[in-house]
Amino acid sequence: MLTVVLGLSGALVYGFADFLGGVASRRVRPVVVTAAAALVGLLPLLVGLVVVGGTFSSSAVVWGVVAGLAGGAGVLLLYTALAIGPMSVLSPVTAVFAAVVPVVVAVLRGTALSPLAVVALVVAVVAVVLVAAVRDASGARVTARGVLTAAVAGCGFGGIVLAYDQTPDASGVAPLVVARALQAVLLGIAAGVAVARGRTGGTGRLRPPAPVAGGAAPGSGEPPARAGADIRSSGASSGGSRTRLLAVVVVCGVLDALANVFVQAGLRSSDDPLTLPVMSVLNALYPIGTVVLAGVVLRERLTRLQIVGIVLAFSASVGLALA
């Protein structure tokens, strides 16, 4: 039960962070927002390191680096995918791979899934697709390259969970600090390149995907665009307060770091072999937090498919808690 609670909490907080990132990305390049949020998110983790403690053992550092590389690569590949094809298709593809890859790895390691757990995991994956799937008015076509890129991005996000699962129990938040620091560097470089090319009129620049209100996969300050639904204009003028924008980015970064803490805590909450697959699938349900905030703040309506997806998600969570 504790694992399920932590998994859902992490997913909701991820979703909230993505919503704020989507709002900020209406005014600033998404890659810049993501890089800034990653840097901001490092600060609360450093505070947590002082308060809670952590051990920078060789294993903790190595798996922290793996998590950072997986998350950074996932973000950049997701940007590439969403610049190639329709968000309504590629975003759920990313989410499904992020959820399924750790489950497959757990099964290959010998984890035995009960019939109830199998049904609950399948239902949860279906819920991810329904919540993340939205209309795409861009007219972009689905291509093999776009699907493959989205799939690899999802594997990167799933790799974050797998890496954190391998960290020693005594490592505390140390692996999170390592991963976040590396992501901040990688995304900072990507943001610098994007801005520089934009100023010089260079080609190959990452096209900022549309800000979003529904979601697709976790864990490292990924861009709000992974969520897959438009955040429509709330009527705010384009010349809004810079202070408010900065506050949004700061809260986004803090929440994203907190979500990573929930994931790490969830993976350490039980010795049950089901912990890894349960956390990976629940982690992919973060679109729920995004679409809920979009409905409350921006008055966006949930589609029928999204409502069904949310109901299925919570039903699957109950099933996983009982499995």
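Residue numbering note: each chain is counted from 1, following its sequence as written. With the structure being a predicted model, the display of local features is reserved for residues of pLDDT at least 70 and the display and counting of side-chain atom pairs for 80 or more, all residues being used for whole-chain, interface and lining totals. Heavy atoms from the whole structure form the basis of all side-chain values; hydrogens and water molecules are not counted.

### Some remarks on the overall build of the protein chain
Each helix is a run of H or I in the DSSP string that is no shorter than four residues. Each strand is a run of E no shorter than two, and both are numbered from the N terminus. Looking only at helices and strands, one finds eleven helices and zero strands in the protein chain. Reading the helices (α) and strands (β) of the protein chain from amino to carboxyl end gives α-α-α-α-α-α-α-α-α-α-α. In the protein chain, which comprises 323 residues, the proportion classed as buried is 52%. Pairs at least 24 residues apart make up 88% of the contacts formed inside the protein chain by residues separated by at least 6 positions. Where accessible areas are quoted, they stem from the Shrake-Rupley method and a 1.4 Å probe; at the residue level, only the protein chains shown are allowed to cover. Total accessible area on the protein chain is roughly 13400 Å²; 69% of this is exposed by carbon and sulfur atoms. For the exposure calls, accessible area comes from a 1.4 Å probe over protein chains only, and a residue counts as buried if that area is under 20% of its type's maximum, exposed if over 50%, partly exposed in between. Contacts are assigned to residue pairs with any non-hydrogen atoms lying within 4.5 Å of each other.

### Section: helix α9 (residues 275-283)
Summarising burial for α9: nine of the nine residues are buried, a large majority. Every buried residue of α9 is listed here: Thr 275, Leu 276, Pro 277, Val 278, Met 279, Ser 280, Val 281, Leu 282 and Asn 283.

### A closer look at the side chain of Ser 280
Relative to the elements of secondary structure, Ser 280 occurs in helix α9. By relative accessible area, which is 1% here, Ser 280 ends up buried.

### Remarks on the packing of helix α1 (residues 2-24) against α9
What describes two packed helices is the angle between their axes and the distance between those same axes. Following both chains from N to C, one finds α1 and α9 inclined at 25 degrees, their axes separated by 8 Å at the closest point. Between α1 and α9, the interaxial angle falls into the category roughly parallel. For the crossing formed where α1 meets α9, the hand is right-handed. Taking contact as the criterion, the partners of Thr 3, Val 4, Gly 7, Leu 8, Ala 11 and Tyr 14 in α1 are, on α9, Thr 275, Val 278, Met 279, Leu 282 and Asn 283. Axes here mean lines fitted to C-alpha atoms, for a helix over just the part in contact, with angles spanning 0 to 180 degrees between N-to-C directions. We call two directions roughly parallel when the angle between them is under 35 degrees, roughly antiparallel when it is over 145, roughly perpendicular when it lies between 65 and 115, and oblique otherwise. A clockwise turn of the near helix away from the far one marks a right-handed crossing, whereas an anticlockwise turn of less than a right angle marks a left-handed crossing.

### Some points on the environment of Val 161
Mapped onto the elements of the fold, Val 161 is located in helix α6 (residues 144-166). For the pair Val 161 and Ala 67, spaced 94 residues apart in sequence, the C-alpha separation works out to 7.7 Å. Beyond its immediate chain neighbours, meaning those up to four positions away, Val 161 contacts Pro 102, Leu 267, Leu 276, Ser 280 and Asn 283.

### Examining the environment of Pro 102
Residue placement: Pro 102 occurs in helix α4 (residues 87-108). In this structure Pro 102 comes out as buried when scored by relative accessible area, which is 0%. Spatially, the C-alpha atom of Pro 102 lies 6.2 Å from that of Ser 280, the residues being 178 residues apart in sequence. Excluding residues within four positions of it along the chain, Pro 102 makes contact with Phe 97, Gly 158, Val 161, Leu 162, Leu 276 and Ser 280.

### Describing the confidence of the model for the protein chain
A score from 0 to 100, pLDDT tells how confident the predictor is in each residue. Averaged over every residue, the pLDDT of the protein chain is 81; residues scoring 70 or more account for 84%. Segment residues 202-217: pLDDT under 50, and 71 contacts once partners within four positions in sequence are set aside and those in other chains are kept. Under a pLDDT of 50 for its full length, residues 219-238 has, in the predicted model, 90 contacts with residues more than four places off or in other chains.

### Observations regarding the pattern of salt bridges
Opposite charge on two side chains makes pairing possible when the charged atoms of those side chains draw close. We count a salt bridge whenever a side-chain nitrogen from Lys or Arg sits within 4 Å of a carboxyl oxygen from Asp or Glu. Counting across every chain of the model gives three salt bridges. Residues Arg 109 and Asp 165 are paired through a salt bridge, measuring 3.2 Å at the closest nitrogen-oxygen approach. With Arg 109 in the loop between α4 and α5 (115-132) and Asp 165 in helix α6, this residue pair connects regions lying 56 residues apart in the sequence.

### Brief notes about a nonpolar patch on the surface
A cluster of nonpolar residues, Val 47, Val 50, Val 51 and Val 52, forms a patch on the protein surface that exposes about 440 Å² of accessible area. The topology assignment puts Val 47 in helix α2 (residues 30-51). For Val 47, a relative accessible area of 51% gives the class exposed. Exposure above 30% relative accessible area and the lack of any salt bridge qualify a residue for a patch; like charges then connect within 9 Å, and the nonpolar side chains Val, Leu, Ile, Met, Phe, Trp and Tyr within 5 Å.

### Some words on the nonpolar core
Buried residues of nine kinds, namely Ala, Val, Leu, Ile, Met, Phe, Trp, Tyr and Cys, make up a nonpolar core once their side-chain atoms join them within 4.5 Å. Among the nonpolar cores identified, the biggest contains 84 residues, and Tyr 164, Leu 267, Leu 282, Leu 285 and Leu 320 are the most heavily contacted of them. With ten residues, the single largest contributor to this core is α1. Residue contacts for Leu 285: discarding those within four places in its chain leaves Leu 8, Ala 11, Ala 124, Ala 127, Val 128, Ala 313 and Ser 317.

### A closer look at helix α10 (residues 287-297)
Along α10, the positions that sit buried rather than exposed are Pro 287, Ile 288, Gly 289, Thr 290, Val 291 and Ala 294. Its buried side turned inward, α10 meets α1, α5 and α11 (304-322). Arg 299 sits one or two positions beyond α10 and adopts a positive phi of about 60 degrees.

### A closer look at the environment of Leu 255
Mapped onto the elements of the fold, Leu 255 is located in helix α8 (residues 242-267). Along the sequence, Leu 255 and Gly 10 sit 245 residues apart, while their C-alpha atoms lie 9.3 Å from each other. Among all residues touching Leu 255, those that are not within four sequence positions of it are Val 13, Phe 16, Ala 17 and Leu 20.

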